[in-house]
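Chain residues, written in single-letter form:
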Amino acid sequence: DAGVTQSPTHLIKTRGQQVTLRCSPKSGHDTVSWYQQALGQGPQFIFQYYEEEERQRGNFPDRFSGHQFPNYSSELNVNALLLGDSALYLCASSGALANYGYTFGSGTRLTVV
Amino acid sequence: QKEVEQNSGPLSVPEGAIASLNCTYSDRGSQSFFWYRQYSGKSPELIMFIYSNGDKEDGRFTAQLNKASQYVSLLIRDSQPSDSATYLCAAPSLNSGYSTLTFGKGTMLLVSP
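Basis of the calculations
Residues numbered from 1 in each chain as written. Chains lettered and ligands numbered in written order. Predicted model: local features only at pLDDT ≥ 70, side-chain atom pairs only at ≥ 80, totals over all residues. Heavy atoms only, no water. Phe/Tyr/Trp six-rings, centres within 6.5 Å; stacked < 30°, edge-to-face > 60°. Helix = DSSP H or I, 4+ residues; strand = E, 2+ residues; numbered from the N terminus. Buried < 20%, exposed > 50% of the residue type's maximum accessible area, 1.4 Å probe, protein only. Lys NZ or Arg CZ within 6 Å of the ring centre and 35° of its normal. Contact = heavy atoms within 4.5 Å. Polar contact = N/O pair within 3.5 Å; in protein donor to acceptor, adjacent residues only side chain to side chain. Nonpolar A, V, L, I, M, F, W, Y, C, P; charged D, E, K, R; others polar. Disulfide = S-S within 2.5 Å. Pairing = 2+ DSSP bridges. Salt bridge = Lys/Arg side-chain N within 4 Å of Asp/Glu carboxyl O.

J.: Describe in detail the packing of aromatic side chains, supporting the description with residues and values.
T.: Two descriptors summarise a pair of aromatic rings, namely the distance from one centre to the other and the angle between the planes of the rings. Applying the stated criterion across every chain, the model contains 13 aromatic pairs over all chains. Ring geometry for phenylalanine 34 of chain B versus phenylalanine 49 of chain B: centroids 6.4 Å apart, planes at 40°, classification tilted. Residue phenylalanine 34 of chain B is located in strand S4 (residues 33–38), and its partner phenylalanine 49 of chain B is located in strand S5 (residues 45–50); the two are separated by 15 residues in the primary sequence. Relative accessible area serves as the criterion here: at 1%, phenylalanine 34 of chain B is assigned to the buried category. Each member of the aromatic cluster is reached from another via a ring pair, and the members are Tyr35, Phe45, Tyr102 and Phe104 of chain A together with Tyr36 and Phe103 of chain B. Cation over ring: lysine 56 of chain B sits above phenylalanine 49 of chain B, and NZ or CZ is 3.5 Å from the ring centre.

J.: So what about the interface of chain A and chain B? Which residues, and what values?
T.: If you look at the interface, chain A gives 23 residues, while chain B gives 21 residues. Linking chain A with chain B are 5 residue pairs in polar contact (both at pLDDT 80 or more), by the criterion used here. Taken together, the elements giving at least two residues each to the side of chain A that touches chain B come down to strand S4 (31–37), strand S5 (44–50), strand S6 (53–57) and strand S9 (87–94) of chain A. Counted by class, the side of chain A that touches chain B contains 11 nonpolar, 10 polar and 2 charged residues.

J.: Which residues make up the side chain of serine 74 of chain A, and what values go with them?
T.: All names here are of chain A. With respect to the element layout, serine 74 can be found in strand S8 (residues 74–78). One polar contact links the side chain of serine 74 to the main-chain carbonyl oxygen of histidine 67, over a distance of 2.9 Å. Once residues within four sequence positions are removed from consideration, serine 74 is found in contact with Leu21, Arg22, Cys23, Val32, Trp34, Tyr49, His67, Gln68 and Phe69.

J.: So what about the state of the cysteines? Which residues, and what values?
T.: Joining two cysteines, a disulfide is a covalent bond between their sulfur atoms. Following the criterion strictly, the structure yields 2 disulfides over all chains and no others. Paired through a disulfide, cysteine 23 of chain A and cysteine 91 of chain A show a sulfur-sulfur distance of 1.8 Å. When the S-S torsion is -60°, as for the bridge of cysteine 23 of chain A with cysteine 91 of chain A, the disulfide is left-handed. A residue pair is termed long-range when its members are at least 10 positions apart, and cysteine 23 of chain A in strand S3 (residues 19–24) and cysteine 91 of chain A in strand S9 qualify at 68 residues. Just as cysteine 23 of chain A is buried, cysteine 91 of chain A falls in that class too. What pairs with cysteine 23 of chain B in a disulfide is cysteine 89 of chain B, and their sulfur atoms sit 2.1 Å apart. Between cysteine 23 of chain B and cysteine 89 of chain B, the S-S dihedral sits near -75°, and the bridge is therefore left-handed. Taken together, the positions of cysteine 23 of chain B in strand S3 (residues 19–25) and cysteine 89 of chain B in strand S9 (residues 85–92) put the pair 66 residues apart, joining distant regions of the chain. Using a relative accessible area of 1% as the deciding quantity, one classes cysteine 23 of chain B as buried.

J.: Describe the sheet that holds strand S8 (residues 71–76) of chain B, naming the residues involved and giving the relevant values.
T.: The strands making up a sheet associate through backbone hydrogen bonding, with each pair oriented either parallel or antiparallel. All names here are of chain B. A sheet is described by the order of its strands in space; here 5 strands give the open sequence S1-S3-S8-S7-S6, paired in antiparallel fashion. Looking along the sheet, the strands with just one partner apiece sit at the ends: strand S1 (4–5) and strand S6 (54–58). Where S3 and S8 come together, 6 bridges link them in antiparallel fashion. Bridging across to S8, alanine 19 finds its partner in isoleucine 76.

J.: Explain the pattern of salt bridges to me, using residue names and the numbers behind them.
T.: Counted according to the given criterion, the structure contains 6 salt bridges over all chains. The residue arginine 22 of chain A makes a salt bridge to glutamate 75 of chain A at a minimum N-O spacing of 3.4 Å. Of this pair, arginine 22 of chain A sits in strand S3 while glutamate 75 of chain A sits in strand S8, and the two are 53 residues apart along the sequence. Arginine 22 of chain A sits in the partly exposed class, given a relative accessible area of 42%. Salt-bridge contacts for arginine 60 of chain B lead to aspartate 83 of chain B; the nearest nitrogen and oxygen are separated by 2.9 Å. Note that arginine 60 of chain B is positioned in the loop between S6 and strand S7 (61–66) and aspartate 83 of chain B in the loop between S8 and S9, a separation of 23 residues in sequence. Judged by relative accessible area, aspartate 83 of chain B falls into the buried class, the value being 2%.

So far we have only geometry, and geometry alone does not tell us how the molecule works.
As structure tokens, then:
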């Protein structure tokens, strides 16, 4: 039973560039949530996708966008990268409600230089 | 008031001691609480969840929930150096209709041999 898979593992980008991160949820899960975790901080909610729609969004600018495909996999896109976007990006999958918790992928470490 | 609050630590305990990690939350409607362990540079791993008032034990881990005081804790008995990690407390967010998890900043635990 495959867990949550994320790619790539690490990424180095230059300021102003665009990046796409990918996530495949755990089998049986239909909801994908994306989090940003800066060093020494807890995960901050970016947005959540359910039934191919953005269902919830945290306090992140429009430079952050996403997509969910019919097979429930998801992408996170960040445009016009800033140095402050450097962080660990976590994908979490779950059922429609979070009452049973999340399963996290291994994360993508993004470094913006 | 933030939805989920934790002391950032670090909490230092000697090997074999009991480590006590605490978390408070603001939403009286929260029904479930989660403890995740995160090793440095890795993604969070679910180690305990609790729904009911009282204690829930799983091996060396005990989660305690006090809904009246809006307080949840995690006890780690016979602490081992391998328990050294950041422990994140999380609860479903009222703002999202409980479809997303809100995380605390995490408490770093250091277990010395």
